[in-house]
Amino acid sequence: MPEPIRTALFGGTFDPIHNGHLAIARSVLEKGLADEVWLLVTPCNPWKKNKKLLDDNIRLEMAAKAVEGISGITVSDYEMHLPIPSYTANTLRKISVDYPDRRFILTIGADNWAKFHNWCESAFILENYPIIVYPREDCPIGLLPSGVTLLDMPLINISSTEIRQMVKDGDSIEQKVPTSVAGTIQELNLYR
């Protein structure tokens with residue numbers, strides 16, 4: 001039987017996707033921590049239940065355009081077909097059954113790692129799936145347990161919240177998002 005494909009799952013609302021997200025995905029591949037990265041565009045993050053998001057299809061389309069031509073990185077709408085809110089443990093269970101040829105690896109930020117113990121079924125995730133934690137500003141990372149790897153990469157100080165505010169204020173976001181994303185935001189008059 002062939003070795004399973006090591007697939008890093010990097011989930012988020014991607015509202016909008018930005019250069020920081022892409023740098024993290026690329027770094028996971030460059031460091032040899034996975035064979036491929038799937039960006040899971042989620043319809044509803046349990047931590048952001050009351051947050052108004054752009055339409056699922058617009059966020060999905062922007063993410064898909066952002067990764068065009070980037071080898072090894074794919075955008076997935078998998079969580080959009082699961083019950084809401086999207087609990088990671090449920091996603092991992094279901095996706096592992098649907099794709100038995102893959103070994104899934106969870107990719108999360110240090111901000112999420114800090115509250116990981118509060119996640120739904122965090123012990124199940126930790127026992128059954130490797131985790132990659134990427135550094136975030138003002139999020140110290142202590143000693144990591146077995147199965148959890150710190151992604152060795154520079155801090156990236158970009159957030160979707162900041163980008164939405166910049167658009168609202170009329171500031172240029174050209175340095176923070178792929179050209180295709182900036183174009184879609186302008187064309188559809190998003191975040192204004």
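Report on the accompanying structure. (Residues numbered from 1 in each chain as written. Predicted model: local features only at pLDDT ≥ 70, side-chain atom pairs only at ≥ 80, totals over all residues. Heavy atoms only, no water.)

A word on the pattern of salt bridges. The tally for this structure, following the rule as stated, stands at nine salt bridges. One salt bridge in this structure joins E61 and K65, with 3.2 Å as the shortest N-O distance. Here E61 pairs with K65, and both are found in helix 2 (residues 56–67), just four residues apart, close to one helical turn. E162 is the salt-bridge partner of K176, the closest N and O atoms lying 3.3 Å from each other. With K176 in the loop between helix 6 (160–169) and helix 7 (179–187) and E162 in helix 6, this pair connects stretches of sequence that are 14 residues apart. Classification of E162 as partly exposed rests on a relative accessible area of 30%. Among the charged side chains, a network of salt bridges with common partners joins E36, D101 and R102. (Salt bridge = Lys/Arg side-chain N within 4 Å of Asp/Glu carboxyl O. Helix = DSSP H or I, 4+ residues; strand = E, 2+ residues; numbered from the N terminus. Buried < 20%, exposed > 50% of the residue type's maximum accessible area, 1.4 Å probe, protein only.)

Our next topic: helix 3 (residues 88–98). When helix 3 is considered as a whole, its buried residues turn out to be A89, T91, L92 and I95. Viewed end-on, helix 3 has its buried residues packed into an arc of 160°, placing them on one side of the element. Buried residues along helix 3 sit against strand 1 (5–12), strand 2 (36–41), strand 4 (102–109) and helix 5 (122–128). (Arc of directions from axis to C-beta. Contact = heavy atoms within 4.5 Å.)

The next thing to look at is the pairing of strand 2. Most of strand 2 is tucked away, with six of its six residues classed as buried. Residues E36, W38 and L40 point to one face of strand 2 and V37, L39 and V41 to the other, with burial holding for every one of them. In this sheet, strand 2 lies alongside strand 1 in parallel orientation, the contact comprising six bridges. Residue L9 lies in a different strand from strand 2, and its bridge partner there is W38. In terms of handedness, the path from strand 1 via helix 1 (residues 19–30) over to strand 2 forms a crossover that is right-handed. (Pairing = 2+ DSSP bridges. Right-handed = clockwise from strand over helix to strand, strands pointing away.)

To continue, consider the sheet that holds strand 6 (residues 148–150). In space, the six strands of this open sheet follow the order 3-2-1-4-5-6, with parallel pairing throughout. Each having just a single partner strand, strand 3 (73–76) and strand 6 make up the two edges of the open sheet. Strand after strand, the sheet turns through a mean of 30° between neighbouring axes, direction not considered. On top of the sheet, helix 1 reaches strand 1, strand 2, strand 3, strand 4 and strand 5 (131–134); it is set at about 150° to strand 2, its chief contact. (Axes fitted to C-alpha atoms, helices over the stretch in contact; angles between N-to-C directions.)

What follows covers the nonpolar core. If you look at the biggest cluster of nonpolar residues, it comprises 38 residues, and the most contacted ones within it are I17, V37, L39, I173 and I185. Listing elements by their share of this core, those giving two or more residues are strand 1, helix 1, strand 2, helix 2, strand 3, strand 5, helix 6 and helix 7. Considering each element in turn, this core owes the most residues, five residues, to helix 2. If we ignore the near neighbours within four places in the chain, the residues touching L39 are F10, F14, I17, A25, V67, I73, T74, V75 and S76. In terms of nonpolar packing, the next biggest core, distinct from the first, is built from 20 residues, Y78, L82, I95 and I125 among them. (Core = buried A, V, L, I, M, F, W, Y, C linked by side-chain atoms within 4.5 Å.)

Before going further, it helps to examine unusual backbone geometry. Look at the link from D15 to P16: it is a cis peptide, with omega at 5°. Relative to the helices and strands, P16 is located in the loop between strand 1 and helix 1. Cis geometry is found at the peptide bond from I84 to P85, where omega equals 0°. Following the sequence through the fold, P85 ends up in the loop between strand 3 and helix 3. Here E121, not a glycine, exhibits a phi torsion of approximately 55°, which is positive. Mapping E121 onto the fold places it in the loop between helix 4 (110–114) and helix 5. Taking relative accessible area as the criterion, E121 reaches 32% and is therefore assigned partly exposed.

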